[in-house]
Amino acid sequence: MNGNYIGIGFALGAFLTWGIGDYLIQKTTRKTDVWRALGYLGAIGGIVLLPWAIPQLSAAAAQPPVLLLLGLSALLACVTAPITFSAYRKGKLAVVSPILALELPLTVILALLIGRERLSGTEALIILAIVIGTLLVARRRPLAGTTEKILEQGALLALFAAVGQAAGNFIIGKISQASFPILAVWVGHTAVAVECLVVIAARRQWQQVRDDWHHFPKLIFAQGASDVSAWVCYALATVFIPISIAVAVSESYVALAVLLGVVVNRERLNRWQGLGIVLAVLGVIILSALSG
């Protein structure tokens, strides 16, 4: 089978599982706590992927550049994940969401400038449409006439988070292209799990942890499984196709997450979000067809 088809298949898998996972993570965070939700997610990824990560870790130990990238990936995961959740907690969703959506174009820029990837004119135009659609979907109100200030509370955190997430996406893609896709995902999840364990221990929240697993075990497992599956799919996609195309397809999951909010939570879309969903979804379909 053509490697491009395999790569697009994995990218679409990340698109679906990230969209579902984003919704489940939001529910888990609201029912538990930011640090505990992150800790459960990281622990599930670290444990499930361990059998595949150990052989890759042994091979990576002989490659100092890969070890450096793994260290950077772990550091970015530990810094970016808490900042992202803090931005949502402190800022208005109408301001935070579109800033975090900058993760997509920033990752594409890193892939083109640092990764020296090349896109055809058609691919570049379609990716631009996906980027615009994703940014429109992330808006909770029309762009025209908005009175939100870019530097209000939570916005600066969201900007840092978007930059960190973009760098993390790019680094995971490069580690995966060096033949260590599972290891790339495992390192980030394990690092976050250890970080959250330290925070939970410092806060002495062991009783809350027991209560969480008693009341919400299915939700916790579901959010962990979705997130791990998404990251593994994304990492494997970058083995077969350029990072810029893999991230353009998979990161449009924002549109799917919003649709889930409409169907499950009965949220309402404004006209800009509707247009954004059309642009993003059509862009993903066309880009997938062309790249395949």
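Here we summarise the structure given alongside this text. (Residues numbered from 1 in each chain as written. Predicted model: local features only at pLDDT ≥ 70, side-chain atom pairs only at ≥ 80, totals over all residues. Heavy atoms only, no water.)

Our next topic: the overall build of the chain. Check the secondary structure of the chain and you find 13 helices and 0 strands. Counting from the amino terminus, helix and strand elements in the chain follow one another as α-α-α-α-α-α-α-α-α-α-α-α-α. Residues classed as buried in the chain amount to 53% of the 292 residues present. Summing over all exposed atoms, the chain offers an accessible surface of approximately 13,700 Å²; the carbon and sulfur share of this is 69%. (Helix = DSSP H or I, 4+ residues; strand = E, 2+ residues; numbered from the N terminus. Buried < 20%, exposed > 50% of the residue type's maximum accessible area, 1.4 Å probe, protein only. Areas by Shrake-Rupley, 256 points an atom, 1.4 Å probe, with all protein chains shown as cover.)

Close contact between helix H2 (residues 34-60) and helix H10 (residues 217-240) brings their axes to 9 Å; oriented N to C, the two are set at 60°. It follows from the interaxial angle that H2 and H10 lie oblique. Pair H2 / H10 crosses with right-handed handedness. Contact residues: H2 offers Ala37, Tyr40, Leu41, Ile44, Gly45 and Leu49, while H10 offers Ile220, Phe221, Gln223, Gly224, Ala225, Asp227, Val228 and Val232. (Axes fitted to C-alpha atoms, helices over the stretch in contact; angles between N-to-C directions. Parallel < 35°, antiparallel > 145°, perpendicular 65-115°, else oblique. Left-handed = near helix turned anticlockwise from the far one by under 90°. Contact = heavy atoms within 4.5 Å.)

What follows is about the environment of Leu41. Along the polypeptide, Leu41 turns up in helix H2. You can call Leu41 buried: its relative accessible area is 10%. Considering only alpha carbons, one finds Leu41 and Ala225, 184 residues apart in sequence, at a separation of 8.1 Å. Apart from residues lying up to four places away in sequence, Leu41 is in contact with Ile25, His189, Gln223 and Asp227.

By the secondary structure assignment, Thr84 is in helix H3 (residues 64-90). The exposure class assigned to Thr84 is buried, which follows from its relative accessible area of 10%. One polar contact links the side chain of Thr84 to the main-chain carbonyl oxygen of Thr80, over a distance of 2.8 Å. Not counting chain neighbours up to four residues away, the residues in contact with Thr84 comprise Leu100, Ala161 and Gln165. (Polar contact = N/O pair within 3.5 Å; in protein donor to acceptor, adjacent residues only side chain to side chain.)

What follows covers the packing of aromatic side chains. Summed over the entire model, instances satisfying the criterion amount to 6 aromatic pairs. On the basis of an interplanar angle of 80° and a centroid distance of 4.9 Å, the ring pair of Trp18 and Trp231 is categorised as edge-to-face. With Trp18 in helix H1 (residues 3-31) and Trp231 in helix H10, this residue pair connects regions lying 213 residues apart in the sequence. Side by side, Trp18 and Trp231 carry an identical accessibility label, which is buried. Summarising the aromatic geometry, the rings of Trp18 and Tyr234 are spaced 5.8 Å apart at their centres and angled 45° between planes, so their arrangement reads as tilted. Here Trp18, found in helix H1, pairs with Tyr234, found in helix H10; they are 216 residues apart in sequence, far enough to count as distant. For Trp18, a relative accessible area of 7% corresponds to the buried category. Ring-pair connections join several aromatic residues into one group, and the members of that group are Trp18, Trp231 and Tyr234. (Phe/Tyr/Trp six-rings, centres within 6.5 Å; stacked < 30°, edge-to-face > 60°.)

All right, on to the pattern of salt bridges then. Under the counting rule described, the total for this entry stands at 2 salt bridges. Salt-bridge contacts for Arg203 lead to Asp33; the nearest nitrogen and oxygen are separated by 4.0 Å. You can see Arg203 sitting in helix H8 (residues 181-203) and its partner Asp33 sitting in the loop between H1 and H2, a full 170 residues away along the chain. Overall, Arg203 belongs to the partly exposed group, its relative accessible area being 43%. Linking Arg36 and Asp212 is a salt bridge whose minimum nitrogen-to-oxygen distance equals 2.5 Å. In this pair, Arg36 is assigned in helix H2 and Asp212 in helix H9 (residues 206-215), connecting sequence segments 176 residues apart. This pair shows no difference in class: Arg36 is buried, exactly as Asp212 is. (Salt bridge = Lys/Arg side-chain N within 4 Å of Asp/Glu carboxyl O.)

Shape descriptors only; they carry no functional weight alone.
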